[in-house]
Amino acid sequence: MSRLVLISSIGIGSWQTGAYFERKKFQQMFSDFDCISKKHFFKPGFPLMGTVSAATAFSPAPIQDKNVTANRIGQIMKYGFPGFDNIRSYDDFCLSYDRRNRVAHWVFEHLTAESVKHNDAVDRSKSDFKPDESVHKFFRSENTDYKGSGFDRGHLAAAGNHKQNQKYCDQTFYLTNMAPQVGKGFNRDSWNRLERHVRKLTKAYPNVYCCTGPLYLPKKESDGKLYVKYQVIGANSVAVPTHFYKIVVMETADNKLEMEAYVMPNQVIDDETPLKLFQVPPETIERAAGLLFFDKIQRQQLSKINGKSI
DNA sequence: TTTAGTGT
């Protein structure tokens with residue numbers, strides 16, 4: 001089996017905790033992934049396909065100059081929208097909200113060295129987690145849903161990516177930008193490590209485009225059949241994703257394009273696990289999420305995918 | 001440095 005497929009199996013196939021390097025677990029992970037990818041991802045009607053409505057509804061956040069924000073959203077979404085379900089645009093990021101699961105389908109950001117550099121004027125401790133009142137109360141997540149759940153309110157667009165001013169940072173604290181994440185061992189550790197890696201890409205690439213979101217992946221149960229199973233928390237039944245993806249496009253100074261794509265399970269992950277092991281082919285995420293990422297870029301235009309020349 | 005929840 002190719003190394004790429006083997007690597008893919010880590011992120012996609014396993015709900016196991018513990019040692020990632022044990023041969024047996026690799027094989028188990030692979031067998032789960034194998035049955036997912038070969039038997040189901042290619043079937044029409046596979047239940048993981050996301051719901052993407054043709055009805056586009058822009059709901060820009062209140063702003064002083066709408067042209068400035070419209071231009072910024074144009075920059076952020078330069079390479080296309082992954083889907084058009086319940087779009088919300090904020091000053092420095094843009095998302096599609098899944099009303100059924102009370103978690104975004106995807107969140108898009110455009111990062112530069114300037115936008116992520118340290119800024120003494122911005123303090124995340126001054127930002128409050130707050131419900132987005134623009135979402136109908138039937139479908140909104142509230143702070144009380146997360147309280148006592150054992151899960152973090154994990155940012156999809158990371159606060160650390162929006163340090164140009166306090167307002168940008170504050171807006172990342174809307175609960176539309178949150179998902180229930182395992183705290184210690186995931187959000188505060190390996191997922192944070194991945195976020196820092198993406199920020200670091202801005203040191204080498206002038207423009208970085210980052211799309212982040214949840215996955216709800218099937219797992220083989222004891223009867224040998226595949227089921228999608230996920231916890232929901234709070235009075236609003238906020239879904240706890242089984243996995244999260246991050247797919248990144250980097251523009252080089254000479255206008256070449258490279259892509260990296262990751263899937264990580266929403267569980268405790270050993271801090272020593274190299275991020276490289278969570279890389280997957282971008283198509284794998286697209287099939288699982290029911291979304292097309294960066295569809296204004298033909299994949300042949302990419303000079304590298306996951307560090308490998310194509 | 002950044003990621004957070006809980007207890008006071």
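Computed from a predicted model, the values in this text were never measured in an experiment. (Residues numbered from 1 in each chain as written. Chains lettered and ligands numbered in written order. Predicted model: local features only at pLDDT ≥ 70, side-chain atom pairs only at ≥ 80, totals over all residues. Heavy atoms only, no water.)

1. Some words on helix H3 (residues 66-76)
Turning to step 1, where the next piece is worked out: Within the span of H3, buried status applies to Thr69, Arg72, Ile73 and Ile76. In an axial view of H3, the angular spread of the buried residues amounts to 100°, which keeps them on one side of the axis. Of the exposed residues in H3, those oriented more than 90 degrees away from the buried face are Asn67 and Asn71.
Turning to step 2, where the next piece is worked out: Tucked inside the fold, the buried residues of H3 contact strand E1 (87-89), strand E2 (93-98), strand E3 (103-111) and strand E6 (207-215). (Buried < 20%, exposed > 50% of the residue type's maximum accessible area, 1.4 Å probe, protein only. Helix = DSSP H or I, 4+ residues; strand = E, 2+ residues; numbered from the N terminus. Arc of directions from axis to C-beta. Contact = heavy atoms within 4.5 Å.)

2. Thoughts on the UniProt feature "binding site: Mg(2+)" (unreviewed entry) in chain A
Turning to step 1, where the next piece is worked out: Listed under "binding site: Mg(2+)" (unreviewed entry) in the UniProt record, and renumbered for this structure, are Asn187.
Turning to step 2, where the next piece is worked out: When its relative accessible area of 15% is taken as the criterion, Asn187 is described as buried.
Turning to step 3, where the next piece is worked out: Contact partners of Asn187, with chain neighbours within four places excluded, come to Asp152, Gly154, Gln181, Val182 and Asn192. (UniProt positions renumbered as here; feature names shortened; annotations may be inferred.)

3. A few points about the UniProt feature "domain: ENPP1-3/EXOG-like endonuclease/phosphodiesterase" (unreviewed entry) in chain A
Turning to step 1, where the next piece is worked out: The feature "domain: ENPP1-3/EXOG-like endonuclease/phosphodiesterase" (unreviewed entry), as given by UniProt, occupies residues 90-300 in the numbering adopted here.
Turning to step 2, where the next piece is worked out: Along residues 90-300, the helical share is 18% and the strand share 29%, with 32 Å between the first and last C-alpha atoms.

4. With respect to the environment of Arg100
Turning to step 1, where the next piece is worked out: Examined against the element boundaries, Arg100 turns out to sit in the loop between E2 and E3.
Turning to step 2, where the next piece is worked out: Given a relative accessible area of 61%, Arg100 falls into the exposed group.

5. Things to note about the pairing of strand E5 (residues 178-182)
Note on strand geometry: in a regular strand, side chains alternate between the two faces of the sheet.
Turning to step 1, where the next piece is worked out: Within E5, five of the five residues are buried, which leaves the element mostly enclosed by the surrounding structure.
Turning to step 2, where the next piece is worked out: Of the two faces of E5, the one holding Met178, Pro180 and Val182 and the one holding Ala179 and Gln181 are both buried throughout.
Turning to step 3, where the next piece is worked out: Summarising the sheet, strand E4 (residues 151-155) and E5 pair through five bridges and their orientation is antiparallel. Counted as the bridge partner of Phe151 is Val182 from E5. (Pairing = 2+ DSSP bridges.)

6. A look at the pairing of E2
Turning to step 1, where the next piece is worked out: Among the six residues that make up E2, six are buried, leaving the element largely enclosed by the rest of the structure.
Turning to step 2, where the next piece is worked out: Of the two faces of E2, the one carrying Phe93, Leu95 and Tyr97 and the one carrying Cys94, Ser96 and Asp98 are both buried.
Turning to step 3, where the next piece is worked out: Two elements, E1 and E2, share three bridges in a ladder whose sense is antiparallel. Directly across from Arg88, in E2, lies its bridge partner Leu95.

7. A short note on the protein's contact with DNA strand B
Turning to step 1, where the next piece is worked out: Neighbouring DNA strand B are 16 residues; Arg124, Arg153, His155, Lys163 and Asn192 lie closest to it.
Turning to step 2, where the next piece is worked out: Put simply, 89% of the atoms of DNA strand B that lie within 4 Å of the protein are in sugar or phosphate.
Turning to step 3, where the next piece is worked out: Here Arg188 contributes a side-chain N or O atom positioned 3.3 Å from a sugar or linking oxygen of DNA strand B.
Turning to step 4, where the next piece is worked out: One of the side-chain N or O atoms of Asn192 is found 2.8 Å from a base oxygen in DNA strand B.
Turning to step 5, where the next piece is worked out: Elements with a contribution of two residues or more to the surface near DNA strand B: E4 and helix H8 (190-201).
Turning to step 6, where the next piece is worked out: The dominant element in the surface near DNA strand B, judged by the number of residues it contributes, is E4, at four residues.
Turning to step 7, where the next piece is worked out: Looking at the surface near DNA strand B residue by residue, the class counts come to three nonpolar, six polar and seven charged. (Near = heavy atom within 4 Å. Polar contact = N/O pair within 3.5 Å; in protein donor to acceptor, adjacent residues only side chain to side chain. Nonpolar A, V, L, I, M, F, W, Y, C, P; charged D, E, K, R; others polar.)

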